[in-house]
Amino acid sequence: MNKFFFIFLFTLVSSNVDSDTLLFQEFKKFITKYDKKYSSIKEFLARFEVFKRNVISSLQEQEETPYEIGITQFSDLTQQEFTKIYLNLEYNALDAYNFNPYTLKELNAAPASWDWRQKGYVGNVKNQNPCGGCWAFASVANLEGLYYKKKRKFVSLSEQMLIDCDYIDKACSGGNSERAFSWLQINGGIMTEADYPYKAQKETCKSVRSKYVDMKVTGYNRLGSTNENEIKEFLYQTGPLSIAVNSQHLQNYKSGILDKTSAQCSPDNLNHAVTLVGYGHDNASNKDYWIIKNSWGTSWGEKGYFRIKRGSGTCGVNKHVVTAVIS
């Protein structure tokens, strides 16, 4: 049980303070920590009620959860609001059919553990904020890794350019990496984040061709297998990969290895694009895991990352694995 829940339960049992008072104290800390702003007293009280329900639900769930859950920046949102605002990967039956599956040419080369963060391929964790542009962040993180692999120089690329200019996808309302890479192939390039900074909303396209980085997207490869040993090889051979997961359990995730059955977390409800950057094994729990970069800032999860159980298709982590092809 994590520290907050232990203190909360201990205080509740050993004092005469009622739970609403304790929860209100936690809500005030939450508002300060995450710089929350509400437009009225009515909204403040409504958000407190949502916060209470989420915290109490987490308290009840933690006893049966092998990883740490608790208060996050999303604790004042209902699950419906969280899904609508942050989980906007567009994944449908047509996308699910792999028209051009990529087959690995080499197997059994990957070491027992690997982390592209330690090799310079992965930039700082970014924050999509209240814009459903996860698809742009996962696509850009993949491209940043490929650029480093080719040039041995890291450059932070522009998600905002995809949000504003990619007419195949739907900006903050959704998209996916295949479409983003297809648009980049048509467009001919992408700018840096410094030249085209993130605004967390769709604006007029301000693309400047003379400022494109020296990299061309020529297509994409989508792995034609859900075997996680093959995904491990693909990751090791390629660099960071754009993947999709069912993120319904990430709203209150704090740390540890996310481990859910398919009944608890459907592998078919893929709703969030993230970046696969590594893998390893946890001796304490005897679990293999993936290391995944998210786009919700460093105050969420394990400094912006999360780990998820590897080898059992947890939350559909093995269903949608993509990389751009560059020249």
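Read on for a plain summary of the structure. (Residues numbered from 1 in each chain as written. Predicted model: local features only at pLDDT ≥ 70, side-chain atom pairs only at ≥ 80, totals over all residues. Heavy atoms only, no water.)

### Observations regarding the side chain of T72
Okay, step 1: Its place among the elements puts T72 in the loop between strand 1 (68-69) and helix 4 (79-86).
Okay, step 2: Looking at T72, its side chain comes within polar contact range of the main-chain oxygen of Q251, at 2.6 Å.
Okay, step 3: Apart from residues lying up to four places away in sequence, T72 is in contact with F30, Y34, Q251, N252, Y253, K254 and W300. (Helix = DSSP H or I, 4+ residues; strand = E, 2+ residues; numbered from the N terminus. Polar contact = N/O pair within 3.5 Å; in protein donor to acceptor, adjacent residues only side chain to side chain. Contact = heavy atoms within 4.5 Å.)

### A few points about the packing of helix 6 (residues 134-151) against helix 8 (residues 177-187)
Helix-helix packing is characterised by the crossing angle of the two axes and by the distance between the axes.
Okay, step 1: At their nearest, the axes of helix 6 and helix 8 sit 9 Å apart, and the two run at 60° to each other. Judged on the interaxial angle alone, helix 8 and helix 6 are oblique. As helix 6 packs across helix 8, the resulting crossing turns out to be right-handed. When helix 6 is examined against helix 8, the residues W135, A138, S139, N142 and L143 are found in contact with a partner set consisting of S177, A180, F181 and L184. (Axes fitted to C-alpha atoms, helices over the stretch in contact; angles between N-to-C directions. Parallel < 35°, antiparallel > 145°, perpendicular 65-115°, else oblique. Left-handed = near helix turned anticlockwise from the far one by under 90°.)

### Some remarks on the pairing of strand 10 (residues 305-309)
Along a regular strand, successive side chains alternate from one face of the sheet to the other.
Okay, step 1: Counting buried residues along strand 10, four of its five residues qualify, which places the element largely inside the surrounding structure.
Okay, step 2: For strand 7 (residues 257-258) and strand 10, the ladder comprises two bridges, and the chain directions are parallel. Bridged to L258 within strand 10 is I308.
Okay, step 3: Looking at chain direction, strand 9 (residues 287-293) and strand 10 are connected through five bridges and run antiparallel. In the sheet register, I291 faces strand 10, and the bridge partner there is R307. (Buried < 20%, exposed > 50% of the residue type's maximum accessible area, 1.4 Å probe, protein only. Pairing = 2+ DSSP bridges.)

### Some remarks on the state of the cysteines
Okay, step 1: This model, assessed by the stated rule, comprises three disulfides.
Okay, step 2: Cysteine C134 remains unbridged, with the sulfur of C131 as its closest cysteine sulfur at 9.0 Å.
Okay, step 3: Taking the relative accessible area as the measure of exposure, C134 reaches 0% and is therefore buried. (Disulfide = S-S within 2.5 Å.)

### Brief notes about the pattern of salt bridges
Okay, step 1: Counting across every chain of the model gives 21 salt bridges.
Okay, step 2: The shortest N-O distance in the salt bridge between K151 and D214 comes to 3.1 Å. In this pair, K151 is assigned in helix 6 and D214 in the loop between helix 8 and strand 4 (217-223), connecting sequence segments 63 residues apart.
Okay, step 3: Classification of K151 by relative accessible area gives partly exposed; the value is 33%.
Okay, step 4: Exposure remark for D214: the relative accessible area of 46% places this residue in the partly exposed category.
Okay, step 5: Across the salt bridge formed by R307 and E302, the nearest N and O atoms sit 2.9 Å from each other.
Okay, step 6: In this structure E302 comes out as partly exposed when scored by relative accessible area, which is 23%.
Okay, step 7: A cluster of three or more residues bridged by salt bridges with shared partners is formed by E90, D169, K170 and R179. (Salt bridge = Lys/Arg side-chain N within 4 Å of Asp/Glu carboxyl O.)

### Concerning the layout of surface pockets
Okay, step 1: Roughly 320 Å³ of internal volume is contained in the largest pocket.
Okay, step 2: In terms of lining residues, the largest pocket is bounded by 15 residues, among which K36, Q73, F74, Y86 and P130 are the most central.
Okay, step 3: Classifying every residue of the lining of the largest pocket by side-chain character gives seven nonpolar, four polar and four charged. (1 Å grid on protein atoms, 1.4 Å probe; cavity = no way out; pocket = protein on both sides within 12 Å on 5 of 7 lines; lining within 4 Å. Points joined across faces, edges and corners; volume = space filled by probe spheres on them. Nonpolar A, V, L, I, M, F, W, Y, C, P; charged D, E, K, R; others polar.)

### Let's talk about helix 8
Okay, step 1: The element helix 8 is extensively covered by neighbouring structure, given that eight of its 11 residues are classed as buried.
Okay, step 2: Taking the backbone nitrogen of E178 as reference, a side-chain oxygen 3.2 Å away marks N176 as the first, capping residue of helix 8.
Okay, step 3: G188 sits one or two residues past helix 8 and shows a positive phi near 100°.

### Details of the pairing of strand 4
Okay, step 1: Where burial is concerned, most of strand 4 is hidden: five out of the seven residues are buried.
Okay, step 2: Taken together, the two bridges between strand 2 (residues 101-102) and strand 4 define a ladder with parallel strand orientation. Following the sheet pairing, P101 is matched in strand 4 by R222.
Okay, step 3: With five bridges connecting them, strand 4 and strand 11 (residues 321-326) associate as antiparallel partners. Note that in strand 11 the partner of N221 across the bridge is T323.

### With respect to the packing of aromatic side chains
Okay, step 1: Across all of its chains, the model carries 28 aromatic pairs by this definition.
Okay, step 2: Measuring from centroid to centroid gives 6.0 Å for F27 and F30, while their planes differ by 20°, and the two rings are stacked. Of this pair, F27 and F30 are both found in helix 2 (residues 19-33), three residues apart, which corresponds to roughly one turn of the helix. The burial state of F27 is the same as that of F30; both residues are buried. (Phe/Tyr/Trp six-rings, centres within 6.5 Å; stacked < 30°, edge-to-face > 60°.)

### Some remarks on the side chain of D115
Okay, step 1: Summarising the element assignment, D115 is placed in strand 3 (residues 114-115).
Okay, step 2: Judged by its relative accessible area of 10%, D115 is buried.
Okay, step 3: Within the local environment of D115, its side chain forms a polar contact with the side chain of R117, the two groups lying 2.8 Å apart.
Okay, step 4: Dropping the residues within four chain positions of it, D115 is found in contact with V277, G278 and I291.

### Thoughts on the nonpolar core
Okay, step 1: With 43 residues, the main nonpolar core has I243, L276, W290, I292, W296, F306 and I308 as its most contacted residues.
Okay, step 2: Elements that contribute at least two residues to this core include exactly helix 4, helix 9 (228-238), strand 5 (241-245), strand 7, strand 8 (272-282), strand 9 and strand 10.
Okay, step 3: Not counting the four nearest positions on each side in its chain, I292 is found in contact with I243, V274, T275, L276, G304, Y305, F306, I308 and V317.
Okay, step 4: By size, the runner-up hydrophobic cluster in this structure holds 31 residues, among which are W135, M161, A200 and A324. (Core = buried A, V, L, I, M, F, W, Y, C linked by side-chain atoms within 4.5 Å.)

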